[in-house]
Amino acid sequence: MLGFVVRRLTASLMVILLASLVVFAIFYLGPANPARPVCEASNKQCTPERLAVIEKSMGLDQPVLVAYRDFMKGIVRDRDVVIGQAEYHCDAPCLGVSYGNRLQVTDELKQHIVPTILIAIGGSAVYLTLGVAIGVLAAARRGSVEDRLLVSGSLVVSSIPYYLMCLLAWIYLDLKWGLIDTGYFPIGDNPWKTFTGLLLPCLVLGIASCPGYARYTRGQMVETMGEDYIRAATAKGLSNRVVLFKHTLRAAIVPIVTIFGLDFGILLAGTIFTEKIFDVDGIGKWGLEAISSPQDLPVLTATVMIGAIFIVVSNLLVDIAYGFLDPRVRIG
Amino acid sequence: MTAVSMDRPSGSAGASGPFLEVRDLTVKFPTADGLVHAVSDLSYSVELGKTLGIVGESGSGKSVSSMAVLGLHDRRSARISGSITVDGQEVVGLSENRLRKLRGNQVAMIFQDALAALHPFFRVGDQLAEGYLVHHPKASKRDARKRAIEMLDRVGIPSPSARVDDFPHQFSGGMRQRVMIAMGLINDPSLLIADEPTTALDVTVQAQILDLLQDLQREFNSAIIMITHDLGVIAEMADDVLVMYSGRAVEYGSCKEILSHPEMPYTWGLLSSVPSVDSDVNARMIPIPGTPPSLLSPLPGCAFEPRCSHKDKVGGDLCATQLPELRPGGRGEGHLKRCHLTDPDQIYAAEVLPEIEPDLMEDGR
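Residues numbered from 1 in each chain as written. Chains lettered and ligands numbered in written order. Predicted model: local features only at pLDDT ≥ 70, side-chain atom pairs only at ≥ 80, totals over all residues.

**Details of helix α8 (residues 203–220) of chain B**
Residue and element names in this part refer to chain B. In this model, α8 (18 residues) spans 25 Å end to end at C-alpha, consistent with the 26 Å of a helix rising 1.5 Å per residue. Along α8, the positions that sit buried rather than exposed are Q206, I209, L213, L216 and F220. End-on, the buried residues of α8 take up no more than an arc of 95°, which puts them together on one face. Exposed residues lying more than 90 degrees from the buried face of α8 are V203, T204 and R218. Of the residues one or two after α8, N221 is the one with positive phi, at around 50°. (Helix = DSSP H or I, 4+ residues; strand = E, 2+ residues; numbered from the N terminus. Expected span 1.5 Å × (residues − 1). Buried ≥ 20, exposed ≤ 12 C-beta atoms within 10 Å, placed from the backbone. Arc of directions from axis to C-beta.)

**Points about the domain arrangement of chain B**
All names here are of chain B. Taken as a whole, chain B is organised into domain 1 (20–238) and domain 2 (263–364). When residues of the side of domain 1 that touches domain 2 are traced back to their parent elements, those giving at least two are β2 (34–46) and α9 (231–237). For the side of domain 1 that touches domain 2, the element with the highest residue contribution is β2, accounting for four residues. For the side of domain 1 that touches domain 2, a count of residues per class yields five nonpolar, three polar and two charged. (Domains from an automatic or database assignment. Nonpolar A, V, L, I, M, F, W, Y, C, P; charged D, E, K, R; others polar.)

**Some points on the interface of chain A and chain B**
Residue-level contacts link 19 residues of chain A with 23 residues of chain B. If you list the elements that add at least two residues to the side of chain A that touches chain B, you get α9 (228–235) and α10 (240–268) of chain A. The leading source of residues in the side of chain A that touches chain B is α9 of chain A, at seven residues. In the side of chain A that touches chain B, the residues fall into seven nonpolar, five polar and seven charged. (Contact = placed C-beta atoms within 7 Å.)

**Comments concerning the nonpolar core**
Counting 181 residues, the largest nonpolar core has V179, A182 and V243 of chain B as its most contacted members. In terms of residue count, helix α5 (residues 105–140) of chain A provides more of this core than any other element does, 13 residues in total. Both domains that meet at this core, namely domain 1 (20–238) and domain 2 (263–364) of chain B, each give it at least three residues. Ignoring sequence-local partners within four residues, the contact set of V179 of chain B consists of A114, L118, V124, L152, I157 and F171 of chain B. (Core = buried A, V, L, I, M, F, W, Y, C linked by C-beta atoms within 7 Å.)

**What about the sheet that holds strand β12 (residues 336–337) of chain B?**
All names here are of chain B. In spatial order, the strands read β6-β7-β8-β3-β9-β10-β12-β11; together these eight strands make up an open sheet with mixed pairing. Looking at the sheet topology across the chains shown, the edges are occupied by β6 (107–110) and β11 (327–328). Where strand β9 (residues 240–245) lies against strand β10 (residues 248–254), six bridges are found, and the strand directions are antiparallel. Residue pairing in the sheet places D240 in a bridge with S254 of β10. Packing of helix α11 (residues 265–272) onto the sheet brings it into contact with β3 (51–55), β9 and β10, and relative to β9 it is tilted by some 105°. (Pairing = 2+ DSSP bridges. Axes fitted to C-alpha atoms, helices over the stretch in contact; angles between N-to-C directions.)

Here's what the structure looks like:
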């Protein structure tokens, strides 16, 4: 078991490092020059000579691997970051200083990650419960009118573009009818306002994603119902309810948990549409702004790294959860 | 081994006849390709303490007919007619609630593949206890667990109190089948339906499991339906034998009768295709030519006619046009056969017996 965990952790670390290196390199070597906006922002005219000086000060003249090494060093110890003529002290773990607002990326990250985590937890809780419940009920009544309604209904929901659903919900429920005040209000100030502010984004996210879960759950349930052990459970004299919820769902839930873990990691990496439309300052919106011109390389690298970490960690958690859910793969 | 408490009297009240009686059972499944005639006009009965062996190849309706005894077919997709009475109670058309009281309690089932039939994610003790608790609502979880350990011990699982918390995959194939049997017998059922209980096991384990079933039958005086395609198992276990082909009974009688004086060419075919340990390595096994007919559109005549090598001995095209009745042949009322041949015993003695190695024949006498 220990060997398994160590191996998995090493592999996970490699994936995270590789993802950050690739992103760093793509933007570093890309056509957008981070020094140009800095140069243009100052009052003086941006001459090629000045641009070159700024590039040098920012370390952009160095080979990409050297720059990446400097960037990664900041994670373990403090470093000073120079942007143009200004010099900033960046505390470890340092992910650089934003080219945009010149704040430490690590501090920014800590703020932006909270609403994203809240939306991910809330939204996934909605789609998991709703999707699995619908899927189980449809499977129990498979072939019936209700089953077909559920399946075709879910098709309708999933055929509506997600951003449109977000937009409509926001325009009507918040803007026009004023039923709910959406947005992120810091959890320290007023937790209730935080909850109501994120309720709508979570609901919309949950409802939009639940058809996939409903159909997947239905499929898994129907497949499990054909298993011998389900027939054997019925032959023991158990009630339909026990056979359905205890025996069938218990077996059908395992692959659903796998998919859920992966989806959850992706949500944590940023719910871009949701955050953008409901104006929530999360990782997704932050990263989206960083990629818009002028690009903010430190912020971008940080968002991609945190995304990679979340996805890798959720993969790891899925593997560990598998061991608990399925005694056959339990090791040692 | 600890003795299992036995409060059920042998022979139940209210039934004077056989414990299980199946009359004209017909099971059809509508499919996209048409109506599948899985079982047609099947009748048989089993008394307490007796074993009925049902033989036939895959798709002959063996399992389908016995699943109907427990009402395990999907009500929406299976069309069942005829009558099945368990201890005098009609099962066909019985409500789900009433059926549930029957299942696992009076009638229990053992499945072929214990690995597939035990839930992979639950501990065997919990699976056993669950079956006990559902029919003993007043029992505590502790009682049920005790009972589970008792049953594991009874079916010969070593150190049952340690193994009760294991998962099915931690057992060997034979041990797993014992767990299955323990699960089937936990409520002292009067009828045990064993659907190919030894097919997935190697022969030494197979013999142990059959011995175990016989021991338990003697102790519990239960009726057993043994579904198999293995005539060796039949010879070992059965009092009566029902040979099925294409959803119908083609031969039915006592085990000795059927194995020593079979009167139906399909049964001859089954006997000819059995290999024997002590037979000459050069001796030929004689397979039945062809494949079973489609159950979608039953033939007008005998279902075995296309594969039968003796049909020429019946005059005209009787075999192809007219379904023979299941009726007594030349060996008396107790031996039914579905065949147009008028002198099957002579044909058997003259043509078939010399081909089959003789040891198997001596067994039956």
